[in-house]
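Descriptive analysis of the structure
If you want the building blocks of each chain, they are given just below.
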Amino acid sequence: MASLRRWRWSRGGRAASAAARVASARPYAWLIACLLMVVCLPVAANGLQRIDRIDPEQAAQAGADATRLAALPSTAFEPAPSATQLSGADARGRGWWRLHPVPSGDDRVLLVYHPYSARLTVLAPPDYRARRASIFQPPARIAHSQRALAFDIDAPGPIWIGVEDARYPLQVALRSPREYAVEDHAHVRVLWLALGLLIGVALVVLMFWSRLRERVYLLFAASLTSQLLYVLCSYGDAYVLPGLHWLARFGVEGIWFVATSSTILTVLFLLEFAQLRPRVPWLSRALLLVGGWLPGLLLVALVWPGPSDRSWFPPLGNLLLLVANALAILSLAVAWWRGGRHAGFVLIAWVPLVTVSTARAVQLGSGVPLAPWLEYGLPVMEAFAALVLVLGLADRMLAFRRERDVAQNDAQHDALTGVLNRAGIERELRSVIVTARRQRLPLSVLFLDLDHFKRINDNFGHAVGDACLRAVVAAIRNADTDGHPLGRIGGEEFLLLLPAHHRRHARDTAEAIRLEVETSCREVDGAAVELTLSIGVVDCGAGDDAASLIRRADEAMYEAKHAGRNRVVVVDGPTG
Ligand SMILES: Nc1nc2c(ncn2[C@@H]2O[C@H](COP(=O)(O)OP(=O)(O)OP(=O)(O)O)[C@@H](O)[C@H]2O)c(=O)[nH]1
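One structure accompanies this document, and this report is about it.

Calculation rules
- Residues numbered from 1 in each chain as written.
- Predicted model: local features only at pLDDT ≥ 70, side-chain atom pairs only at ≥ 80, totals over all residues.
- Heavy atoms only, no water.
- Helix = DSSP H or I, 4+ residues; strand = E, 2+ residues; numbered from the N terminus.
- Buried < 20%, exposed > 50% of the residue type's maximum accessible area, 1.4 Å probe, protein only.
- Contact = heavy atoms within 4.5 Å.
- Areas by Shrake-Rupley, 256 points an atom, 1.4 Å probe, with all protein chains shown as cover.
- Core = buried A, V, L, I, M, F, W, Y, C linked by side-chain atoms within 4.5 Å.
- Domains from an automatic or database assignment.
- Patch = residues over 30% accessible without salt bridge, like charges linked within 9 Å, V, L, I, M, F, W, Y side chains within 5 Å.
- Salt bridge = Lys/Arg side-chain N within 4 Å of Asp/Glu carboxyl O.
- Lys, Arg positive; Asp, Glu negative; His and termini not counted.
- Charge placed at Lys NZ, Arg CZ, Asp CG, Glu CD.
- Pairing = 2+ DSSP bridges.
- Axes fitted to C-alpha atoms, helices over the stretch in contact; angles between N-to-C directions.
- Phe/Tyr/Trp six-rings, centres within 6.5 Å; stacked < 30°, edge-to-face > 60°.
- Lys NZ or Arg CZ within 6 Å of the ring centre and 35° of its normal.

**Overview of the overall build of the protein chain**
- On a plain count of helices and strands, the protein chain comes out with 17 helices and 17 strands.
- In the protein chain, which comprises 576 residues, the proportion classed as buried is 48%.
- Considering only contacts in the protein chain between residues 6 or more positions apart, those separated by 24 or more positions represent 74%.
- Here the protein chain displays about 28,200 Å² of accessible surface, and carbon together with sulfur accounts for 59% of that area.

Next up, the structure:
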């Protein structure tokens, strides 16, 4: 046994060092490394010499009675093909087996892994009294996870196991209590690492929804929660968790209900998040039918009172899941190909998840034992998908923010000249007044108006008039190299804000602008326009607000007009 453990650990060690090499080669190779570790979780010899399958009819006649089972003729037993699993159950998942343990003087634990829907009856030495268990009937004192149903074996001798409702061959093993504890801890670590991630992401997404009230967040959180619940129920851990043990009363039908609800919620989330409806209308309709409406009908049929036989459910449910998965991948691929960036995110998240969930559906449907990679494939890939989709949500928020910024920019800027529009410059003025007051700094405002602009339009046309407005803005920027806030507040009227400028300093800037326009805007677009500016300058007084500053600057500009245009007029503040 010790050499076997050494071999196992050296195998795990080689896998880990190989994984480390991969990790240095690629940035996301840690994920592959994690998967390798999971796939290479130690598998011990199972402590059994042989398993015999008992003829179903003769086992039924003997009932759950070890004495009568032991008295069956040798023709009632046939060696099972494998000494690690209870294979050969009938179509309803029923059967009886006799286990021959490897002789040992130590106490051991009989483990039946991943029982899922199976209900067990175990007759074991020394007393051979019937002990019944399933994940829906957990023992009163829980010492381990529900990964395996465990029965203490205190004495040598054959063990009898009766199974009902098994959906695939069950793996069995006899281990020492210590070995059981070690392997169970390894399992709990891996499982709860993945589930913890899922829970964390679901909570964060729920918080986002509580503030943003966008349906896509709610659907995402609901999809994650239902996936989490499915893993917890199918692994049996839900039934030992406080607040969830009541789910045990629904048995395996409860698991089917959760699985189908999870498919529906996930499909609704995909449709919304990847914007499949506008991008791939036909495919999204088909997806909604196969992944939404039909599973919904199945759910209604499942809870509908009537005949208790629900064996029709798993094949139908699994079939719908497989078709919905295929449709989802196809829809996402087409949407991505048509430029849907978020469909790309979902594809990256979904392909591994769909692969493992399809494999799980095939495993459940075909009755092959649960493989180690598949045991953790589902929770690990769900956690991976959750993380990628959070990235996708962040990307979606970024795209919305960019759109909002563009809209905000458009709303505050003049399309013709690119400077702030009236609303934009007034907002800026209110802000610089507050700052100037807080910092006890001066603030000057220039009101600039083109002289005889009507004539330019009349003589040269509006196109030249527009070009003149752009030329004036360029000239103002040339003269005011510090790029102070500039806005167009009317047809040919501009406002320039000069924070930290005293009146005299502002007058110099205004004069420089006036001169620049006069000299550089004589000709625009080949037209001899001879542009000039009349400029009013005021500084911000104690009693000023944005409106009074603009009004006083406008009055100063009018004084410049009346004084003959092409000049700068500075007026004193109301209170100095
Ligand atoms: N090309 C062009 N013209 C505009 C635009 N907005 C307003 N205008 C014109 O600007 C002219 C403004 O004329 P007025 O208000 O009479 O002023 P003015 O001719 O410059 O005369 P003073 O200001 O007194 O020197 C009008 O003819 C408007 O049609 C614009 O975006 N493009």
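**Brief notes about the nonpolar core**
- Of all hydrophobic cores here, the largest spans 100 residues; its most connected members are Ile161 and Trp350.
- Inspection of this core shows a minimum of three residues originating in each of domain 2 (45–175) and domain 3 (181–400).
- In this structure, Ile161 is in contact with Leu86, Gly95, Trp96, Trp97, Leu99, Leu110, Val112, Thr121, Val122 and Val172, ignoring residues within four places of it in sequence.
- Counting residues in each nonpolar core, the second largest holds 31 residues, with Val473, Cys521, Val524 and Ile535 among its members.

**Structural notes on a negative patch on the surface**
- Taken together, Asp106, Asp107, Asp152 and Asp154 make up a surface patch of like negative charges.
- Following the sequence through the fold, Asp106 ends up in the loop between β4 (95–101) and β5 (108–113).

**Some details on the sheet that holds strand β3 (residues 85–86)**
- Reading across from one edge, β3-β10-β5-β8 is the order of the 4 strands in this open sheet, with antiparallel pairing throughout. Each having just a single partner strand, β3 and β8 (148–153) make up the two edges of the open sheet.
- The pairing of β5 with β8 spans 6 bridges and is antiparallel. Directly across from Tyr113, in β8, lies its bridge partner Ala148.
- Lying on the sheet, helix α5 (residues 177–212) is in contact with β5, β8 and β10 (170–175); it crosses β5 at an angle near 35 degrees.

**Regarding a nonpolar patch on the surface**
- Judged by side-chain polarity, Trp192, Ile199, Leu203, Val204, Leu206, Met207, Phe208, Leu212, Leu218 and Met397 come together as a nonpolar surface patch covering roughly 810 Å² of accessible area.
- Looking at the nonpolar patch element by element, the count peaks at 8 residues for α5.
- Along the chain, Ile199 falls in helix α5.

**Remarks on the packing of aromatic side chains**
- On inspection of all chains with the given rule, the structure shows 9 aromatic pairs.
- Measuring from centroid to centroid gives 6.4 Å for Tyr116 and Tyr168, while their planes differ by 25 degrees, and the two rings are stacked. Of this pair, Tyr116 sits in the loop between β5 and β6 (119–123) while Tyr168 sits in the loop between β9 (159–164) and β10, and the two are 52 residues apart along the sequence.
- According to the relative accessible area criterion, Tyr116 is buried, its value standing at 3%.
- Ring centres 4.6 Å apart and planes at 10 degrees place the aromatic pair Phe220 and Phe269 in the stacked group. In this pair, Phe220 sits in helix α6 (residues 215–235) while Phe269 sits in helix α7 (residues 251–273), placing the two residues 49 residues apart along the sequence.
- Residue Phe220 is classed as buried on the basis of its relative accessible area, which comes to 1%.
- A cation sits over an aromatic face here: Arg98 above Phe77, 3.8 Å from the ring centre.
- Residue placement shows Arg360 over the ring face of Tyr116; its charged tip is 5.6 Å from the ring centre.

**Examining the side chain of Asp480**
- Counting through the fold element by element, Asp480 comes out in the loop between α15 (462–479) and β12 (486–488).
- Here Asp480 occupies a buried position and makes no salt bridge, while the nearest side chain of opposite charge, Arg477, is found at 4.1 Å.
- If we ignore the near neighbours within four places in the chain, the residues touching Asp480 are Leu496, Leu498, Thr509 and Ile513.

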